[in-house]
There are 2 protein chains.
Amino acid sequence: MDSTFVVGIDVGGQTSKIGVVDARGTVLAQTVIRTDTYDEVAPFIAELSEAVKKVIKEAGVEGSVRGIGVGAPNGNYYTGTIENAPNLRWGRCKVEFAKLLSEAMEGLPVALTNDANAAAVGEMTYGAARGMKNFIMITLGTGVGSGIVINGEVVYGHDGFAGELGHTAAVRNNGRYCNCGKTGCLEAYCSAMGVARTAREWLELSDEPSVLRNLDTIASKDVFDAAKDGDKLALKIFEYTGKILGRSFADFIAFSAPEAIVLFGGLARAKEFLLAPMEQAMNENVLSLWKDKVKIVFSQLKESDAAILGASALAWEL
Amino acid sequence: MDSTFVVGIDVGGQTSKIGVVDARGTVLAQTVIRTDTYDEVAPFIAELSEAVKKVIKEAGVEGSVRGIGVGAPNGNYYTGTIENAPNLRWGRCKVEFAKLLSEAMEGLPVALTNDANAAAVGEMTYGAARGMKNFIMITLGTGVGSGIVINGEVVYGHDGFAGELGHTAAVRNNGRYCNCGKTGCLEAYCSAMGVARTAREWLELSDEPSVLRNLDTIASKDVFDAAKDGDKLALKIFEYTGKILGRSFADFIAFSAPEAIVLFGGLARAKEFLLAPMEQAMNENVLSLWKDKVKIVFSQLKESDAAILGASALAWEL
């Protein structure tokens, strides 16, 4: 077997991470460039392709790179485009990202999808979902993303945008406003932003003592730290968050009967507080045939490498 | 091309329908036997296989039958078994249905799945979903069933039981009890039973005049007839039912981004009353990228043939 390599690129709102990866999931070399200093896509692609070439050279694998995988907000696998990405100044309309990058890389093939789908492929290729053919990846970050794998393949749907489980209804009536314009979405409750919002709401609605009262602004990290110190309100916030997640998972299971739900992202670090209420709510709300059958597992990828690994895994399929 | 034929069997709680079908979806011959007169599966299989042989002879296609497709409650595609089917006296435990039938038919291959999945395959092969690779079939009958097609294939999931959308949460708090033991399921509101139940609840909660008040017992058919006569309460019941369906469809779309939702079953006959509220609720609750993009279409199969056609379509894949 000749040894080939792939490049993974994680395009984020502020920075983009680039890495060269081997077949076992080792990141041989990596670098970071800024995303948010560009208003137009052309100069961004120019800098990005230079950075990719540099990192390939650094890894010493020139001529052995099979392709490039890109995870990007609102990335469309079918068309290789990024569309209506509010966090990318150059990506608010439709950008032919894969085509432009491939051209700048002398025709090297480029596959692109959204970040949660890339994470799912990464987990299946290198992580907690190795050997699984049917699982649902849920990314708990600033928002709630998802990547659905059925029969070993990511579900892209008719238009390439399938798997937006963060925008299914967690609360039907009087739900919180979500950034997407709807109300009651899972993301409005169970993202990092959602957790901070629960904290702010509950502090206002009760007089319960909590170290969170001393803070000017509250981020999900503060709630996590308070929970670790045994703060009762913070613990209740995670219990509530876990319960809402578990209830929604029950509905996702009815759809695709996965072997496992795989969790990834900053908020997944609160495993010790989320897991028990999540499992309980999931098993209480699922059809009896799935009770205690579906595993909830946490990502096994090193957090600093995960985004690059996920994106790079796409390129193996090229 | 040599001409081959398939057999479709729809196993229902009371009767089982058997038909011989050609590649264009014409039912060449059919018959019906009783299901509910058997406590054990062996004598049922014996009568069923006799009936199949008779109907093959009647169609004049002996020796040209490629296989048998079976749609049955709680049918598992992977294992060919029927499990925990409350409506089948011989099917309450685990029954090796496909194997037994194949043996009784001298080794003719048998594929088995649940009735809603069979309906999805039927619709894709002969009906409203011809040419579609991504759609969701919803059967509105006594219960609410579903068959999900992604990339041209029915989703069976890790265990063979995927696609139980009738048991996702339509109402999270204070929801109606469902036959499955949970509360708030879509099926408890939007099945034929659910519609009758809405009627009974609303008659008790209001003094609104309605022809439905004159009836001793109310079935969904009565509500349909009353709506056709312009009865205002009956019309409101269908509006409510359509709204709940449309809201749930919005969540299903976020999962698999289908080209269409395809409706089938007795309650789907109330298209004239259901379609508008369903479309409105779906488009109000879906992410903007899917607004006014996903079609709601109704089955195009002749109702008397549909169950046989759906089951038979499975056999083409054998």
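Residues numbered from 1 in each chain as written. Chains lettered and ligands numbered in written order. Predicted model: local features only at pLDDT ≥ 70, side-chain atom pairs only at ≥ 80, totals over all residues. Heavy atoms only, no water.

A. Examining the overall build of chain A more closely. A tally of regular secondary structure across chain A gives 9 helices and 12 strands. Against the 2.2 N^0.38 benchmark of 20 Å for 318 residues, chain A shows a C-alpha radius of gyration of 20 Å, consistent with a compact globule. Principal-axis analysis of the C-alpha atoms places the extent of chain A at approximately 60 × 45 × 35 Å. Here chain A holds 318 residues, and 60% of them are scored as buried. Partitioning the contacts of chain A with sequence separation of at least 6, the portion at a separation of at least 24 is 62%. Of the roughly 13,300 Å² of accessible surface on chain A, 47% is carried by carbon and sulfur atoms. Within chain A, the 39 negative side-chain charges are centred at a point lying 3 Å from the centre of the 31 positive side-chain charges. (Helix = DSSP H or I, 4+ residues; strand = E, 2+ residues; numbered from the N terminus. Rg over C-alpha atoms; globule rule 2.2 N^0.38 Å. Buried < 20%, exposed > 50% of the residue type's maximum accessible area, 1.4 Å probe, protein only. Contact = heavy atoms within 4.5 Å. Areas by Shrake-Rupley, 256 points an atom, 1.4 Å probe, with all protein chains shown as cover. Lys, Arg positive; Asp, Glu negative; His and termini not counted. Charge placed at Lys NZ, Arg CZ, Asp CG, Glu CD.)

B. A look at the interface of chain B and chain A. At the junction of the two partners, chain B supplies 40 residues and chain A supplies 40 residues. Counting across the chain B and chain A interface gives 2 salt bridges. Counting the contacts that link chain B with chain A gives 20 residue pairs in polar contact (both at pLDDT 80 or more). At 7 residues, the largest contribution of residues to the side of chain B that touches chain A is made by helix 7 (residues 232-256) of chain B. Its residues placed into classes, the side of chain B that touches chain A shows 21 nonpolar, 11 polar and 8 charged. (Salt bridge = Lys/Arg side-chain N within 4 Å of Asp/Glu carboxyl O. Polar contact = N/O pair within 3.5 Å; in protein donor to acceptor, adjacent residues only side chain to side chain. Nonpolar A, V, L, I, M, F, W, Y, C, P; charged D, E, K, R; others polar.)

C. Highlighting the packing of aromatic side chains. As enumerated under the stated definition, the model contains 25 aromatic pairs over all chains in all. Aromatic rings pair up to connect Tyr38, Phe44, Trp90 and Phe97 of chain A into one cluster. (Phe/Tyr/Trp six-rings, centres within 6.5 Å; stacked < 30°, edge-to-face > 60°.)

D. Seen up close, the environment of glutamate 50 of chain A. Residues and elements named next belong to chain A. Looking at the secondary structure, you find glutamate 50 in helix 1 (residues 41-59). When its relative accessible area of 48% is taken as the criterion, glutamate 50 is described as partly exposed. On a C-alpha basis, the gap between glutamate 50 and alanine 104 in space is 8.7 Å, while along the polypeptide they are 54 residues apart.

E. Structural detail: the pattern of salt bridges. Residues and elements named next belong to chain A. As enumerated under the stated definition, the model contains 24 salt bridges over all chains in all. Measuring nitrogen to oxygen at the nearest pair gives 3.9 Å for the salt bridge that ties aspartate 225 to lysine 228. Taken together, the residues span about one helical turn, with aspartate 225 and lysine 228 both in helix 6 (residues 220-228) at a distance of 3 residues. Judged by relative accessible area, lysine 228 falls into the partly exposed class, the value being 47%. Residues participating in the shared-partner salt-bridge network are Lys221, Asp225 and Lys228.

F. Spatial organisation of the sheet that holds strand 5 (residues 75-76) of chain B. Residues and elements named next belong to chain B. A sheet is described by the order of its strands in space; here 3 strands give the open sequence 5-6-7, paired in antiparallel fashion. Each edge of the sheet is formed by a strand with only one pairing partner; in this case those strands are strand 5 and strand 7 (94-95). Pairing of strand 5 with strand 6 (residues 81-83) involves 2 bridges; the strand directions are antiparallel. Note that in strand 6 the partner of asparagine 76 across the bridge is threonine 81. (Pairing = 2+ DSSP bridges.)

G. Quick peek at the relation of the copies chain B and chain A. The two copies are related by a screw operation: chain B maps onto chain A through 180° of rotation and 0.0 Å of translation along the axis, at an RMSD of 0.0 Å. Here the copies are linked by what is in effect a two-fold axis. Ranked by how close their C-alpha atoms come to the rotation axis, the residues of chain B are headed by arginine 172 of chain B, at 3.7 Å. Comparing interface residues between copies, 100% of those in chain B also lie at the interface in chain A; the contact surface is shared. (Least-squares fit on C-alpha atoms with pLDDT ≥ 70 in both.)

H. Structural context of the nonpolar core. Ile138, Phe249 and Leu263 of chain A together with Ile138, Phe249 and Leu263 of chain B are the most contacted members of the largest nonpolar core, which has 109 residues in total. If we ignore the near neighbours within four places in the chain, the residues touching isoleucine 138 of chain A are Val144, Gly145, Ser146, Leu165, Phe249, Phe252, Ile261, Val262, Leu263 and Phe264 of chain A. (Core = buried A, V, L, I, M, F, W, Y, C linked by side-chain atoms within 4.5 Å.)

I. Geometry of the side chain of serine 220 of chain A. Residue and element names in this part refer to chain A. Inspection of the secondary structure puts serine 220 in helix 6. Residue classification places serine 220 among the buried positions, given a relative accessible area of 17%. Apart from residues no more than four positions distant in its own chain, serine 220 is found in contact with Ala192, Val195, Ala196 and Leu267.

J. Region of interest: the sheet that holds strand 3 (residues 27-34) of chain A. All names here are of chain A. Taken together, 5 strands build an open sheet; the order of strands is 3-2-1-4-7 and the sheet is mixed. Either end of the sheet is taken by a strand with one partner, and the two such strands are strand 3 and strand 7 (110-113). This sheet shows a mean twist of 15° between the axes of neighbouring strands, independent of strand direction. The pairing of strand 1 (residues 5-11) with strand 2 (residues 15-21) spans 6 bridges and is antiparallel. Within strand 2, the residue paired with glycine 8 across the bridge is glycine 19. Against the sheet, helix 1 touches strand 1, strand 2, strand 3 and strand 4 (65-71), its axis set at about 155° to strand 3. Its contacts with the sheet place helix 3 (residues 115-126) against strand 2, strand 4 and strand 7, and it is angled at close to 115° to strand 7. (Axes fitted to C-alpha atoms, helices over the stretch in contact; angles between N-to-C directions.)

K. Summary view of helix 3 (residues 115-126) of chain B. All names here are of chain B. Between its terminal C-alpha atoms helix 3 stretches 16 Å, which fits the 16 Å expected from 12 residues at 1.5 Å a residue. Every buried residue belonging to helix 3 is among Ala116, Asn117, Ala118, Ala119, Ala120, Val121, Gly122, Glu123, Met124 and Tyr126, and all of these are buried. Between the side-chain oxygen of the N-cap and the backbone nitrogen of alanine 116 there are 3.0 Å, and the N-cap of helix 3 in question is asparagine 114. (Expected span 1.5 Å × (residues − 1).)

L. Quick look at the packing of helix 6 (residues 220-228) of chain B against helix 7 of chain B. Residue and element names in this part refer to chain B. The interhelical angle for the contact between helix 6 and helix 7, taken along N-to-C directions, is 115°, at an axis separation of 7 Å. When the axes of helix 6 and helix 7 are compared, the crossing they make is left-handed. On helix 7, the residues that touch Val223, Phe224, Ala226 and Ala227 of helix 6 are Ala234, Leu235, Ile237 and Phe238. (Left-handed = near helix turned anticlockwise from the far one by under 90°.)

M. Seen up close, the state of the cysteines. For the structure on display, the rule yields 0 disulfides over all chains. Not part of a disulfide, cysteine 178 of chain A finds its nearest cysteine sulfur in cysteine 180 of chain A, a span of 3.8 Å. (Disulfide = S-S within 2.5 Å.)

N. Region of interest: the side chain of serine 102 of chain B. All names here are of chain B. Here serine 102 is to be found in helix 2 (residues 97-104). What makes serine 102 buried here is its relative accessible area of 15%. Those residues in contact with serine 102 that sit more than four places away from it in its chain are Gly107, Leu108, Pro109 and Val110.

Remember that the coordinates give geometry; whether it matters functionally is a separate question.
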